[in-house]
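The residues making up each chain are set out below.
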Amino acid sequence: MKTIIEPFKIKSVESIRFTTPSERKKILKDAFYNTFLIHSQDVLIDLLTDSGTSAMSSEQWAGIMRGDEAYAGSQSFYKFESVVKKITGFEYVIPTHQGRAAEKILFSVVGGERKYFPNNTHFDTTRANIEYTGAEAVDFITEVGRHPEKRADFKGNIDLIELESFINEVGPDNIPFVMLTVTNNSGGGQPVSMENIRATKKLCDEYGLKLFLDACRFAENAYFIKIRERGYESTSILEIAQEMFSYADGCTMSAKKDALVNIGGFLAMNDEDLMMKCRNVLIVTEGFPTYGGLAGRDLEAIAQGLEEVLEENYLQYRIRSIEYLGEKLLAADVPILEPPGGHAIYLDAKRFAPHIPADQYPGQSIVCEIYLQGGIRTVEIGSVMFGKYDKDGKLIPANLELVRLALPRRVYTQSHVDYVAEVIIEVFEKRNSLKGMKITYEAPILRHFTAKFEYI
Ligand SMILES: *Cc1c(COP(=O)(O)O)cnc(C)c1O
């Protein structure tokens, strides 16, 4: 097989700025060793997130010019709505300014005290929006999904046995709907199989429950189904996506992921009564139903992005880029979460730097060293992000200590990825000299965004 190439050519470029090691040392110190506090112009390759960082196509930019900015009845809305309906099959589509706005609207309508929302793994904004209403967000990942070193095709699957016993425990009346996150972002970008989606739907039907998809990476999930699940080898991505959505009653979506745009999202569903309630909240918090929280031009760009993301050449390049980076790291014995997921590689900091205990944040130390070594920005997904304190102020560490390398869509080329692998391997080779860190400032919630650190 020949090299899988980037399925695009480059029409417009943006320079990236090279810094010297001594400049980076100062930049990192001035940012209190928190990569969220580094200015982007000081970053050579930015792998902080794949959210809202996609490169748009010339057709999307053309859509930006075509955007119909009418307050009501915008042509751009109808175009957007028809593409979303074609892919999801849902009756009603509500545009929002990003994924969490869709979540906020939905959960403010169906959430509340003594309500429970099961999911394979809730993304952090989903969990926060559920808990904000007083409801509970509960995760049911399968056993294999909990082990970073174990390989399986569909580590994002929900555990149906645990889900069923939970439904019996709290009672179906207290569960407004079950959710599946495709792919499972917090679980390493791991896909959910069609078989698991179908079986979840069957279980939901038995208990009279609705099923919603958190569809942010639906196309990446569909591609994994195509290449890994028997019977889908010659099914188109569109048809796979349509089947995935056919088992659900609605979805939330961040267009900043698989709609290949920099801002946007939507909420879609079949239930008219629920839609009316959501639409009323939309009008108060986001905007009129034919633009939601967006401009007409954004709706045009999303409509076009949703078509492009279904192209098999694009998805093959996308998934292969991540896998390629993973293979290079594994060949040098760098411990990563296996197998590589759809949008990111996660370094396993516990095995990468076993000499640093969890309360000295091994992931953060690795993140800093990767920046110092090569100007690459990554993010800790471990005890800095999810750690809590017990009543004596002692850290309760996160289950996993990870460092995420998220690849923006269509932004970097193979040589960028080669460079990233070289830098990580260099850091790994001198891992014994990595030092533990301590937090010198932290906010009471979501501390990772603004925390300050020092080396111990
Ligand atoms: C990004 C994301 C969200 C939230 O979307 P935003 O556009 O960032 O508000 C929700 N769920 C998942 C799985 C995500 O990856």
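Provided above is the structure to which this section pertains.
**Q** I would appreciate a short explanation of the pattern of salt bridges in the present structure.
**A** For side chains of opposite charge, pairing can occur when their charged atoms come near one another. Counted according to the given criterion, the structure contains 30 salt bridges. Where Lys-86 meets Glu-307, a salt bridge forms, and the shortest distance between an N and an O atom there is 3.0 Å. Separated by 221 residues along the polypeptide, Lys-86 in helix α3 (residues 75-88) and Glu-307 in helix α11 (residues 296-308) bring together distant segments of the chain. Judged by its relative accessible area of 32%, Glu-307 falls in the partly exposed class. A salt bridge links Glu-312 to Lys-226; the shortest N-O distance between them is 3.5 Å. Of this pair, Glu-312 sits in helix α12 (residues 312-331) while Lys-226 sits in helix α8 (residues 218-228), and the two are 86 residues apart along the sequence.

**Q** Any chance you could explain the sheet that holds strand β5 (residues 177-181) here in plain terms?
**A** Strand pairing in a sheet relies on backbone hydrogen bonds. The paired strands run either parallel or antiparallel. Strand order across the open sheet formed by 5 strands is β2-β8-β7-β6-β5, with mixed pairing between neighbours. Strands with a single pairing partner mark the edges of an open sheet, and in this sheet they are β2 (92-96) and β5. On average, each strand axis in the sheet is inclined to that of its neighbour by 15 degrees, with strand direction left out of account. Bridge analysis of β5 against strand β6 (residues 210-214) gives 5 bridges, and the strand direction is parallel. Among the inter-strand pairings, Val-178 is bridged to a residue of β6, identified as Leu-211. Helix-sheet contacts for α3 involve β2 and β8 (265-269), and the interaxial angle to β2 is about 120 degrees.

**Q** What am I meant to see in the site of the ligand here?
**A** Not every one of the 15 residues close to the ligand is listed here, only the nearest: Arg-100, Asp-214, Arg-217, Ser-254 and Lys-257. Taking Arg-100, its side chain carries an N or O atom lying 2.7 Å from an oxygen atom of the ligand. Within the side chain of Ser-254, a nitrogen or oxygen atom sits 2.7 Å from an oxygen atom of the ligand. Alone, the ligand offers 380 Å² of accessible surface; in the complex the protein occludes 98% of this. Where the shell around the ligand is concerned, the elements lending two or more residues are α4 (99-110) and α5 (124-132). When residues in the shell around the ligand are grouped by element, the largest group, 3 residues, is from α4.

**Q** It is not clear to me how the packing of α3 against helix α9 (residues 237-246) should be interpreted in this structure. Could you clarify?
**A** Geometrically, a packed helix pair is captured by the angle between its two axes and the distance between the axes. At a minimum axis separation of 7 Å, α3 and α9 run at an interaxial angle of 80 degrees. Relative to α9, the element α3 lies roughly perpendicular. Along its contact with α3, which presents Lys-86, Ile-87 and Thr-88, the element α9 presents Leu-238, Ala-241, Gln-242 and Phe-245. Residue composition of the contact of α3 with α9, by class: 4 nonpolar, 2 polar and 1 charged.

**Q** Honestly, the sheet that holds strand β14 (residues 402-406) in this entry has me stumped. Any pointers?
**A** Read across the open sheet, the 3 strands follow the order β9-β14-β11; overall the sheet is antiparallel. Whereas interior strands pair on both sides, the edge strands pair on one side only; in this sheet they are β9 (344-348) and β11 (379-381). Each neighbouring strand pair of the sheet contributes to a mean axis angle of 35 degrees, computed without reference to strand direction. In this sheet, β14 lies alongside β11 in antiparallel orientation, the contact comprising 3 bridges. When the bridges of β14 are listed, Val-379 appears paired with Arg-404. Across the sheet, α12 lies against β9 and β14, angled at about 25 degrees from β9, the strand it touches most.

**Q** How do you make sense of the side chain of Glu-103 when you look at a structure like this?
**A** Along the chain, Glu-103 falls in helix α4. The side chain of Glu-103 sits in the buried core without any salt bridge; Arg-100 is the nearest counter-charge, 6.1 Å away. Leave out the neighbours within four places in its chain, and Glu-103 touches Ser-108, Thr-125, Thr-126, Asn-129, Asp-214 and Thr-252.

**Q** Sorry if this is basic, but what is going on with a nonpolar patch on the surface here?
**A** On the surface, a nonpolar cluster with roughly 330 Å² of combined accessible area is contributed by Ile-445, Leu-446 and Phe-449. Along the chain, the position of Ile-445 falls in the loop between β15 (437-441) and β16 (452-455). With a relative accessible area of 68%, Ile-445 lands in the exposed category.

The rules we used
Residues numbered from 1 in each chain as written. Predicted model: local features only at pLDDT ≥ 70, side-chain atom pairs only at ≥ 80, totals over all residues. Heavy atoms only, no water. Salt bridge = Lys/Arg side-chain N within 4 Å of Asp/Glu carboxyl O. Helix = DSSP H or I, 4+ residues; strand = E, 2+ residues; numbered from the N terminus. Buried < 20%, exposed > 50% of the residue type's maximum accessible area, 1.4 Å probe, protein only. Pairing = 2+ DSSP bridges. Axes fitted to C-alpha atoms, helices over the stretch in contact; angles between N-to-C directions. Contact = heavy atoms within 4.5 Å. Near = heavy atom within 4 Å. Polar contact = N/O pair within 3.5 Å; in protein donor to acceptor, adjacent residues only side chain to side chain. Areas by Shrake-Rupley, 256 points an atom, 1.4 Å probe, with all protein chains shown as cover. Parallel < 35°, antiparallel > 145°, perpendicular 65-115°, else oblique. Nonpolar A, V, L, I, M, F, W, Y, C, P; charged D, E, K, R; others polar. Lys, Arg positive; Asp, Glu negative; His and termini not counted. Patch = residues over 30% accessible without salt bridge, like charges linked within 9 Å, V, L, I, M, F, W, Y side chains within 5 Å.

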